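Single-letter residue listing:
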Amino acid sequence: MQRIYDGFLPTSNGSVIRQIDVPMIHVPTMLEVSGANITTRPDGDAPGDQYRVYEFPGMGHVDTRNNVRLIPNPCAIPLSTYPMQAYMSVALNYLFQWVDKGIAPPKADRILKNGTAMAVDERGNPKGGIRSPYVDFPITKYGVPNKAASPLPAKTSDYVTKGGAAAATQRAALVTIPEAWQSSPKRAVS
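Residues numbered from 1 in each chain as written. Predicted model: local features only at pLDDT ≥ 70, side-chain atom pairs only at ≥ 80, totals over all residues. Heavy atoms only, no water.

Caption draft 1: The overall build of the chain, seen in detail. Secondary structure assignment for the chain yields four helices and six strands. Taken over the C-alpha atoms alone, the chain extends approximately 55 × 45 × 30 Å along its principal axes. Within the chain, the proportion of its 190 residues that are buried is 43%. By element, 55% of the accessible surface of the chain is carried by carbon and sulfur atoms, the whole surface being about 10,400 Å². One finds the centroid of the 20 positive side-chain charges in the chain at a distance of 6 Å from the centroid of its 15 negative side-chain charges. (Helix = DSSP H or I, 4+ residues; strand = E, 2+ residues; numbered from the N terminus. Buried < 20%, exposed > 50% of the residue type's maximum accessible area, 1.4 Å probe, protein only. Areas by Shrake-Rupley, 256 points an atom, 1.4 Å probe, with all protein chains shown as cover. Lys, Arg positive; Asp, Glu negative; His and termini not counted. Charge placed at Lys NZ, Arg CZ, Asp CG, Glu CD.)

Caption draft 2: Examining empty space enclosed by the protein more closely. Applying the stated criterion across every chain, the model contains one cavity of 30 Å³ or more. In this structure, the largest cavity encloses a volume near 30 Å³. Tallied by class, residues from the lining of the largest cavity come to three nonpolar, four polar and one charged. (1 Å grid on protein atoms, 1.4 Å probe; cavity = no way out; pocket = protein on both sides within 12 Å on 5 of 7 lines; lining within 4 Å. Points joined across faces, edges and corners; volume = space filled by probe spheres on them. Nonpolar A, V, L, I, M, F, W, Y, C, P; charged D, E, K, R; others polar.)

Caption draft 3: Representation of the environment of Ile111 in the model. Mapped onto the fold, Ile111 is located in the loop between α2 (84-101) and β3 (113-114). For Ile111, a relative accessible area of 5% translates into the label buried. Along the chain, Ile111 and Met88 lie 23 residues apart, while their C-alpha atoms are 17 Å from each other. Setting aside residues no more than four positions away along its own chain, Ile111 makes contact with Val33, Glu55, Phe56, Pro57, Met118, Pro126, Lys127, Gly128 and Gly129. (Contact = heavy atoms within 4.5 Å.)

Caption draft 4: The arrangement of the confidence of the model for the chain in detail. Averaged over every residue, the pLDDT of the chain is 85; the share at 70 or more is 92%. For the chain, strand β6 (residues 177-179) is the element with the lowest average pLDDT, namely 69, and strand β2 (residues 51-53) is the one with the highest, namely 96. Considering only residues more than four positions removed or in separate chains, one finds that residues 181-190, a stretch of pLDDT under 50, has 18 contacts. (pLDDT = per-residue confidence, 0-100.)

Caption draft 5: Representation of the nonpolar core in the model. By size, the foremost hydrophobic cluster in this structure holds 19 residues, and its most contacted members are Ile25, Val27, Tyr54, Phe56, Met59 and Tyr82. Top element by residues in this core is α2. It accounts for six residues. Among all residues touching Val27, those that are not within four sequence positions of it are Leu9, Pro10, Thr11, Tyr54, Phe56, Met59, Met88 and Ala91. One finds Leu70, Cys75, Ala172 and Val175 within the second-largest nonpolar core, a separate group that totals seven residues. (Core = buried A, V, L, I, M, F, W, Y, C linked by side-chain atoms within 4.5 Å.)

Below is the structure:
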């Protein structure tokens, strides 16, 4: 008997992921990182414990940039433009290299926490993790979760139209929200 799967790339889970016999790169969203100790498992390279965690500050549970269930926006707060797909592609590429060529991916910093809460910088974005221009040179801060608009827009996606406020609430709970700052977010670049 051979393995059925060569590797895994989970994003969302409700508990610490157990060891399995194939490489795994865990890419939790901010919703999972902000939860209770879901991403505490250490990275591993030994057979049966090939594991990495890549935490990207700002990453929502759902990519909102082209999600048909979120057009038009059924949420109370504008949707994020964080390019979740781009960062998931990085993790997937590393997983392919690990599975196909045996090249272990680099280890990465985790999002810093104060107990179970994410530590945030002066702009309100999570500290640590795999940095990107979206949080290092931000024009907004990223938080979770959003909430449904009340009342809902007159026209919504088929999904939200069919499910009403419950569907809008479910969608909103899965997206990262950008919150504008009161003052200018300009930052010097050297």
